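# Per-entry structural report
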Amino acid sequence: MKALAGPFDERAAMALEDAICLGNVAAECDGHFARAVQRYQDIRIVRTARVQISSLMMTKLNHAKGVERKVRNSLFEGRTPEEFYDRLAWLYTAPAYVR
């Protein structure tokens, strides 16, 4: 299990992705559970790391002070809500291996 931090409310979605992925690889590996767990980790590592890193960075941005706050504000200045959501689409779109 991974402990997720952050503002995205991604925990439930990630848990479902984990369950689907692990179930699929367990079926593919036909009872070879060590191989299934390794395959599961190989599949999930990049996405889970990206979610974790992005969550940590957003938390840092959300609580910025001083110059960091000014930089944060300049990053988001002029963005429409749609543009902001478009940049998060990867997070809320299930990866192909769980569809």
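Here the structure is shown first, and the text comes after it.
Not measured: the values here are computed from a predicted model. (Residues numbered from 1 in each chain as written. Predicted model: local features only at pLDDT ≥ 70, side-chain atom pairs only at ≥ 80, totals over all residues. Heavy atoms only, no water.)

### Details of the overall build of the chain
Counting its secondary structure elements, the chain contains five helices and zero strands. Starting at the N terminus and walking to the C terminus, you meet the elements of the chain as α-α-α-α-α. The globule rule puts the C-alpha radius of gyration for 99 residues at 13 Å, and the 17 Å found for the chain is more than 25% above it. Here the C-alpha coordinates of the chain stretch approximately 55 × 25 × 20 Å along the principal axes. Per-residue burial over the chain gives 26% buried out of 99 residues. Contacts in the chain between residues at least 24 apart in sequence constitute 66% of all its contacts with a sequence separation of at least 6. Carbon and sulfur atoms provide 61% of the accessible area of the chain, an area that totals close to 7000 Å². Separation between the mean location of the 15 positive side-chain charges and that of the 12 negative ones in the chain comes to 6 Å. (Helix = DSSP H or I, 4+ residues; strand = E, 2+ residues; numbered from the N terminus. Rg over C-alpha atoms; globule rule 2.2 N^0.38 Å. Buried < 20%, exposed > 50% of the residue type's maximum accessible area, 1.4 Å probe, protein only. Contact = heavy atoms within 4.5 Å. Areas by Shrake-Rupley, 256 points an atom, 1.4 Å probe, with all protein chains shown as cover. Lys, Arg positive; Asp, Glu negative; His and termini not counted. Charge placed at Lys NZ, Arg CZ, Asp CG, Glu CD.)

### Thoughts on the environment of His63
Relative to the assigned elements, His63 resides in the loop between helix H2 (33–62) and helix H3 (66–76). By relative accessible area, which is 58% here, His63 ends up exposed. Separated by 16 residues in sequence, His63 and Arg79 place their C-alpha atoms 19 Å apart.

### Things to note about the layout of surface pockets
Of the pockets and cavities examined, the largest pocket occupies roughly 210 Å³. Met58, Phe76, Arg79, Arg87 and Leu88 are, among the 12 residues lining the largest pocket, the residues nearest its centre. Broken down by class, the residue content of the lining of the largest pocket amounts to eight nonpolar, one polar and three charged. (1 Å grid on protein atoms, 1.4 Å probe; cavity = no way out; pocket = protein on both sides within 12 Å on 5 of 7 lines; lining within 4 Å. Points joined across faces, edges and corners; volume = space filled by probe spheres on them. Nonpolar A, V, L, I, M, F, W, Y, C, P; charged D, E, K, R; others polar.)

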